[in-house]
Amino acid sequence: MAVRGRPRGFDRDAVLCRAMWMFWERGYEATSMAELTAAMGIRPPSLYAAFGSKEDLFREAVELYQRTEGSVTTAALRDGATARASIDGVLRGNAVVYTDPGKPHGCMVVLAATNCAPGNEGVRELLAQDRRDTQNSLRARMDRGVEEGDLPECLDTAALAAYYTTVFYGLSLQARDGASREELLGVVDAAMTAWDVLTAT
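Residues numbered from 1 in each chain as written. Predicted model: local features only at pLDDT ≥ 70, side-chain atom pairs only at ≥ 80, totals over all residues. Heavy atoms only, no water.

The chain is annotated in an unreviewed UniProt entry as TetR/AcrR family transcriptional regulator from Streptomyces iconiensis.

Focus on the nonpolar core
Core analysis: the biggest nonpolar cluster contains 59 residues, and Phe-58, Leu-91, Met-108 and Tyr-164 have the highest contact counts within it. If you tally residues by element for this core, the top one is helix H9 (residues 157-176), at eight residues. The residues touching Phe-58, leaving out its near neighbours within four places in the chain, are Phe-23, Tyr-28, Met-108, Ala-112, Val-123, Leu-126 and Leu-127. (Core = buried A, V, L, I, M, F, W, Y, C linked by side-chain atoms within 4.5 Å. Buried < 20%, exposed > 50% of the residue type's maximum accessible area, 1.4 Å probe, protein only. Helix = DSSP H or I, 4+ residues; strand = E, 2+ residues; numbered from the N terminus. Contact = heavy atoms within 4.5 Å.)

Notes on the packing of aromatic side chains
Scanning the entire structure with this criterion turns up nine aromatic pairs. Judged by centre distance (5.8 Å) and plane angle (65°), the rings of Trp-21 and Trp-24 are edge-to-face. Within this pair, Trp-21 and its partner Trp-24 are both found in helix H1 (residues 12-26), separated by three residues, close to a single helical turn. Each ring, one from Trp-24 and one from Tyr-65, has its centre 5.1 Å from the other, and the planes form 75°; the classification is edge-to-face. Linking Trp-24 in helix H1 with Tyr-65 in helix H4 (residues 54-67), this pair joins segments that are 41 residues apart in sequence. In this structure, Trp-24 and Tyr-65 share a single accessibility class: buried. (Phe/Tyr/Trp six-rings, centres within 6.5 Å; stacked < 30°, edge-to-face > 60°.)

Quick word on the pattern of salt bridges
Counted by the stated rule, this structure contains 14 salt bridges. Of the charged contacts, one joins Glu-35 and Arg-26 as a salt bridge, the two residues approaching to 2.5 Å between their closest N and O atoms. Overall, Arg-26 belongs to the partly exposed group, its relative accessible area being 39%. With a closest N to O distance of 2.3 Å, Glu-125 and Arg-132 form a salt bridge. One connected set of salt bridges, linked through shared partners, spans Glu-121, Arg-124, Glu-125 and Arg-132. (Salt bridge = Lys/Arg side-chain N within 4 Å of Asp/Glu carboxyl O.)

Structural notes on the side chain of Arg-141
Mapping Arg-141 onto the fold places it in helix H8 (residues 121-148). With no salt bridge to any partner, buried Arg-141 finds its closest opposite charge in Glu-148, at an N-O distance of 4.3 Å. When neighbours within four sequence positions are excluded, Arg-141 is seen to be in contact with Leu-77, Gly-80, Ala-81, Thr-82, Ala-83, Ser-86 and Glu-148. (Lys, Arg positive; Asp, Glu negative; His and termini not counted.)

Right, here's the structure in full:
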């Protein structure tokens, strides 16, 4: 009969949430294993046994962030009645999330690993791919708008998606640098004023 190991003495989901918070606030490379274990309230052997490595832990933390804090983007793209409404929802919803006073400001996917040492290239590429996926999702919503008739058939949706993705990620950087919610929403207002010009036939 197989002998069962000692049961885990912590809530895995709860400690993963604490790790996500640390990575979100400080970035991948600036967060040490000692700081992670202290924040998570577990010892290093327990961390390695539960998550494998720092990079594996980070990857799970990114997935958790996307399912929770980052879900506003998915919801806006899914629920907007038009392409314009969806993009407005993405920008406006994230401006609110990025400036929540009880959380780290900005987006974890944008800020946690823009520059990495060569040994951590996999972490940088993980987030770069996530950002590319988001841009592709914005373009897909615009393509749907073309199909449904609320955007002109001649529209360059790739260029438009690149533009609004740049605004989207710029909001994150502005938030981390201390911009207020009102300031970010002002940027959103300006970006959506440009929509009518950029999508004109």
